[in-house]
Amino acid sequence: MSPAVEDVHRRALASFLGLALGDALGATTEFMSPLEIKAKHGIHQRMTGGGWLGVKPGQVTDDTEMSLVIARSIVEQQGWNLTSIADGFVAWMRGKPIDIGSTVRKGIRTYMHQGTLEMPPNEWDAGNGAVMRLAPVCLFTLGDDELLARCALQQAWLTHHHALSDAACLCVGRMVQAALLGADRFELHALARELADSYPTFRFNQYKGMASGYVVETLQTVFHYLFTTANFEECLIGIVNQGGDADTTGAIGGMIAGAFYGLDQLPKRWLKKLDRSVRNEIETLTPQLVEGSPWFQQQASLSADGASQNN
Ligand code: MN
Ligand code: MN
């Protein structure tokens, strides 16, 4: 493997594992206020489990589980198959997940009963549930912005159909992909600013400390900590100690910060606690997602060209 390909593989793994780490860490402080967190944990920075869902240390929630549904589908189908993803969501919901958002439930039920793969636009669908499961889409569509946009929105509209959710999906997708390919923080900041320029409600420079499941507040929280901290651990600790929808802000922050800072920065003490089967599955699926991407295929054909020229 060329160093470039190796680096992208490692960043991809850090992104997907980062999502799971943020989810598991944030589950402890979900729906708490920063003051409540402080009173109970001081600074929450260990994989202790607990929270309103009573998770085990390192246990993940719907954010990671739905991401794994998408990842499994892409690998099993050897490509993008929205019906297969929708069927995967149905099977997941039937398995009585530990948590499920109301917009997600409504979308999956609508697919079950009517077979529709696209919810109608709805002003109440501006939650963060379509963004939180984006990591596998970013990996699989790497190198093709149009494909990213198509797949990100198709999976989003299974449950969430709203301009702000759409814009957030595209922005986070592009940030993860840029980071996978080695973008610096100025490039990531420019992508976040682009979103705030198109939709000023997303402005994040004067952070007010709101971290709800409303996709605008979710991204403001993620961007605030991404751009005011210096490493993966600090970024995630900042995010989850803000409370609110902490597992989901953690998951989204984790997927961007993981891609940006890379595998060596994921704290070992967190990885050790992360649910073993989740970690194993992410480690198995991630390289297969990357190898299905347009970027990987370009690299492969470039190196084949190089090899034939050498002959
Ligand atoms: Mn969750
Ligand atoms: Mn959540």
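Notes on the structure in this doc start here. (Residues numbered from 1 in each chain as written. Chains lettered and ligands numbered in written order. Predicted model: local features only at pLDDT ≥ 70, side-chain atom pairs only at ≥ 80, totals over all residues. Heavy atoms only, no water.)

Here we take up the overall build of the protein. Across its full length, the protein carries 15 helices and zero strands. Here the protein has a C-alpha radius of gyration of 18 Å; the compact-globule value for 311 residues is 19 Å, and the two agree. Taking the principal axes of the C-alpha coordinates as reference, the protein spans close to 70 × 45 × 40 Å. Buried residues in the protein amount to 58% of all 311 residues. In the protein, the proportion of contacts linking residues at least 24 apart, taken out of those at least 6 apart, comes to 73%. Carbon together with sulfur atoms contributes 51% to the accessible area of the protein, which is approximately 13,200 Å² in total. In the protein, which carries 25 positive and 33 negative side-chain charges, the distance between the mean positions of the two groups comes to 7 Å. (Helix = DSSP H or I, 4+ residues; strand = E, 2+ residues; numbered from the N terminus. Rg over C-alpha atoms; globule rule 2.2 N^0.38 Å. Buried < 20%, exposed > 50% of the residue type's maximum accessible area, 1.4 Å probe, protein only. Contact = heavy atoms within 4.5 Å. Areas by Shrake-Rupley, 256 points an atom, 1.4 Å probe, with all protein chains shown as cover. Lys, Arg positive; Asp, Glu negative; His and termini not counted. Charge placed at Lys NZ, Arg CZ, Asp CG, Glu CD.)

Distances from the manganese ion (ligand 1) to its protein donors, namely Thr61 (OG1), Asp62 (OD), Asp63 (OD) and Asp247 (OD), fall within the range 2.0 to 2.3 Å. Within one chain, the residues donating to the manganese ion (ligand 1) are spaced in sequence as T-D-D-x183-D. Metal-to-metal, the separation of the manganese ion (ligand 1) and the manganese ion (ligand 2) is 3.5 Å; aspartate 247 coordinates the two. Given a relative accessible area of 0%, threonine 61 falls into the buried group. (Donors = N, O, S within 2.8 Å, 3.2 Å for Na, K, Ca; no water.)

Turning to unusual backbone geometry, a few remarks are in order. For residues besides glycine, phi is generally negative; the peptide bonds are generally trans as well. Unlike most non-glycine residues, phenylalanine 31 shows phi in positive territory, near 70 degrees. A positive phi angle is found at glutamine 78, which is not glycine, with a value near 50 degrees. Tracing the sequence through the fold places glutamine 78 in the loop between α3 (62-77) and α4 (82-94).

Our focus in this paragraph is empty space enclosed by the protein. Across all of its chains, the model carries one cavity of 30 Å³ or more by this definition. Quantified by volume, the largest cavity comes out at close to 40 Å³. Lining the largest cavity are Ala86, Phe89, Val90, Gly107, Ile108, Tyr111, Leu158 and Thr159. Mapped onto the lining of the largest cavity, the elements with two or more residues apiece are α4 and α5 (102-114). (1 Å grid on protein atoms, 1.4 Å probe; cavity = no way out; pocket = protein on both sides within 12 Å on 5 of 7 lines; lining within 4 Å. Points joined across faces, edges and corners; volume = space filled by probe spheres on them.)

Turning next to the nonpolar core. Met175, Phe223 and Ile256 are the most contacted members of the largest nonpolar core, which totals 102 residues. Filtering out sequence-adjacent residues up to four positions away, phenylalanine 223 remains in contact with Cys171, Met175, Ala192, Leu195 and Phe204. (Core = buried A, V, L, I, M, F, W, Y, C linked by side-chain atoms within 4.5 Å.)

This brings us to the coordination of the manganese ion (ligand 2). By definition of the ideal shapes, a tetrahedral metal site with four donors has angles of 109.5 degrees and an octahedral site with six donors has angles of 90 or 180 degrees. The manganese ion (ligand 2) binds to the protein through Glu30 (OE), Asp245 (OD), Asp247 (OD) and Thr248 (OG1), with metal-donor distances spanning 2.0 to 2.6 Å. The exposure class of threonine 248 is buried, given its relative accessible area of 3%.

Of the pockets and cavities examined, the largest pocket occupies roughly 360 Å³. What lines the largest pocket is a set of 24 residues, and nearest its centre among them are Gly101, Ser102, Asn128, Gly213 and Asp245. When contributions to the lining of the largest pocket are tallied by element, the ones reaching two or more residues are α3, α5 and α12 (246-261). A per-element tally of the lining of the largest pocket places α5 first, with three residues. Looking at the lining of the largest pocket, its residues break down into seven nonpolar, eleven polar and six charged. (Nonpolar A, V, L, I, M, F, W, Y, C, P; charged D, E, K, R; others polar.)

Further remarks concern the packing of helix α8 (residues 163-180) against α12. For the pair α8 and α12, interaxial distance at closest approach is 7 Å and the crossing angle is 25 degrees. It follows from the interaxial angle that α8 and α12 lie roughly parallel. Relative to α12, α8 is oriented so that their crossing is left-handed. Contacts from Val172, Met175, Val176, Ala179 and Leu180 in α8 reach Ile252, Met255, Ile256, Ala259 and Phe260 in α12. Its residues assigned to classes, the contact of α8 with α12 comprises ten nonpolar, no polar and no charged. (Axes fitted to C-alpha atoms, helices over the stretch in contact; angles between N-to-C directions. Parallel < 35°, antiparallel > 145°, perpendicular 65-115°, else oblique. Left-handed = near helix turned anticlockwise from the far one by under 90°.)

Remember that the coordinates give geometry; whether it matters functionally is a separate question.
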